[in-house]
Amino acid sequence: MAIKNPYPLEEHRTFKRTFLQQTEVTLRFTPVINDVDFRNRMLPYLKTVFNLDLTGKVDAEANHAEINSDNEQKKFVFDLNQAKFIIGPSSYNPFKETAIPMVGMLVRFIADVAEVEAIDELSVVKINIWPIKSEDAFSSFTNMIRYTFKESCVSDMLSYKFDDNPKPVRLSKTSDTTIAESVGLDAVLSAEVVSKEKVNLGLALNASARNIGINDILSDAITLNDIIYRGFIESVSENIIDFMSREKLS
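A brief look at the structure comes next. (Residues numbered from 1 in each chain as written. Predicted model: local features only at pLDDT ≥ 70, side-chain atom pairs only at ≥ 80, totals over all residues. Heavy atoms only, no water.)

## A few points about the pattern of salt bridges
Under the definition given, this model contains nine salt bridges. Between K84 and E24 there is a salt bridge whose closest N-O contact spans 3.8 Å. Of this pair, K84 sits in strand β4 (residues 82-87) while E24 is found in strand β1 (residues 20-28), placing the two residues 60 residues apart along the sequence. Across the pair, exposure class does not vary: K84 and E24 are buried alike. Taking the shortest distance from any N to any O, the salt bridge between R28 and E121 comes out at 2.8 Å. You can see R28 sitting in strand β1 and its partner E121 sitting in strand β5 (residues 118-133), a full 93 residues away along the chain. (Salt bridge = Lys/Arg side-chain N within 4 Å of Asp/Glu carboxyl O. Helix = DSSP H or I, 4+ residues; strand = E, 2+ residues; numbered from the N terminus. Buried < 20%, exposed > 50% of the residue type's maximum accessible area, 1.4 Å probe, protein only.)

## Some thoughts on the sheet that holds β5
As a general point, the strands of a sheet are linked pairwise by backbone hydrogen bonds and lie either parallel or antiparallel. The strand order β2-β3-β4-β1-β5-β8-β7-β6 describes an open sheet built from eight strands, whose pairing is antiparallel. Edge positions in the sheet fall to β2 (64-68) and β6 (169-180), since each has one partner strand and no second. Across the sheet, the mean angle from the axis of one strand to that of its neighbour is 10 degrees, orientation sign disregarded. Inspection of the sheet shows β2 paired to strand β3 (residues 74-79) by five bridges, in the antiparallel sense. Bridging across to β3, E66 finds its partner in V77. The sheet contacts of helix α1 (residues 35-50) involve β2 and β3, and relative to β3 the element is tilted by about 155 degrees. (Pairing = 2+ DSSP bridges. Axes fitted to C-alpha atoms, helices over the stretch in contact; angles between N-to-C directions. Contact = heavy atoms within 4.5 Å.)

## Comments concerning unusual backbone geometry
Leaving glycine aside, a negative phi is the common case for residues, and trans is the common case for peptide bonds. Even without a glycine there, the phi angle at E115 is positive, about 55 degrees. Residue placement: E115 occurs in the loop between α2 (95-114) and β5. Accessibility expressed as a relative area gives 46% for E115, which makes it partly exposed. You will see that S182, though not glycine, has its phi angle at about 70 degrees, which is positive. Assignment of secondary structure puts S182 in the loop between β6 and β7 (183-195). S182 gets classed as partly exposed once you look at its relative accessible area, which sits at 22%.

## Describing the pairing of strand β8 (residues 198-213)
Looking along a regular strand, one sees side chains alternate from face to face of the sheet. Sheet topology places β5 next to β8; 15 bridges connect them, and they run antiparallel. Directly across from E121, in β8, lies its bridge partner R210. Counted along the chain from β7 to the antiparallel partner β8, the turn is two residues long.

## Observations regarding the packing of aromatic side chains
This model, assessed by the stated rule, comprises 17 aromatic pairs. Seen from their ring centres, W130 and F149 are 6.1 Å apart, and the 90 degrees between their planes marks the pair as edge-to-face. With W130 in strand β5 and F149 in the loop between α3 (137-148) and α4 (151-154), this pair connects stretches of sequence that are 19 residues apart. Take W130: its relative accessible area is 4%, and that puts it in the buried class. Classification of F149 as buried rests on a relative accessible area of 1%. In this structure an aromatic cluster arises from ring pairing among F29, F38, Y45, F50, F76, F78, F85 and F109. (Phe/Tyr/Trp six-rings, centres within 6.5 Å; stacked < 30°, edge-to-face > 60°.)

In structure tokens form, the structure reads like this:
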């Protein structure tokens, strides 16, 4: 049965500028094949899906495969117990346009290579990083945190004080939210003073669902992405939403 999004359906805003650094989708499952089966099924899969002919070039006991694009920030990883892909910022467009066709390629792996009818877990991860330059990051650190995130999400981080000899530091806060039965959203908010001149503020969101039938993977991936979008909107400040939405910076 497909998972349901508990949040009101809404159109995702397309921001003029994004700070999304990485998108990852992972399918985890209980392996039911051995190394030889993996290799024998993987070769025709790679030929059909990626147009890669590796006949005679792969060890008989191979149980791991990685496919990287030469001109795009895209990577596939296949193992006996999982399949995933990673998309870098230069290759990412809206999730349905970029990621869903790639999810379909993972589903094909589940059907043709792993030969399982359900997966243990489906997860969608998005990592955002806002790099900020400053003349004195130590003195403006908490103001940067307050500017980037909703204060209710980082109130305990705002009490951090540097001593008389300030050094680089990284603060983080983790939250785990149960969205529905077998569905959760994990968030990690981070604030790092890299040097006196540089601060990195980060938000990593991981939406996951357990016990997914193979026919529901595509629709559930879309739902998990919707949950991540809602988590993003509820975590960052209106300052950041406005900054990311502006056509030009004034």
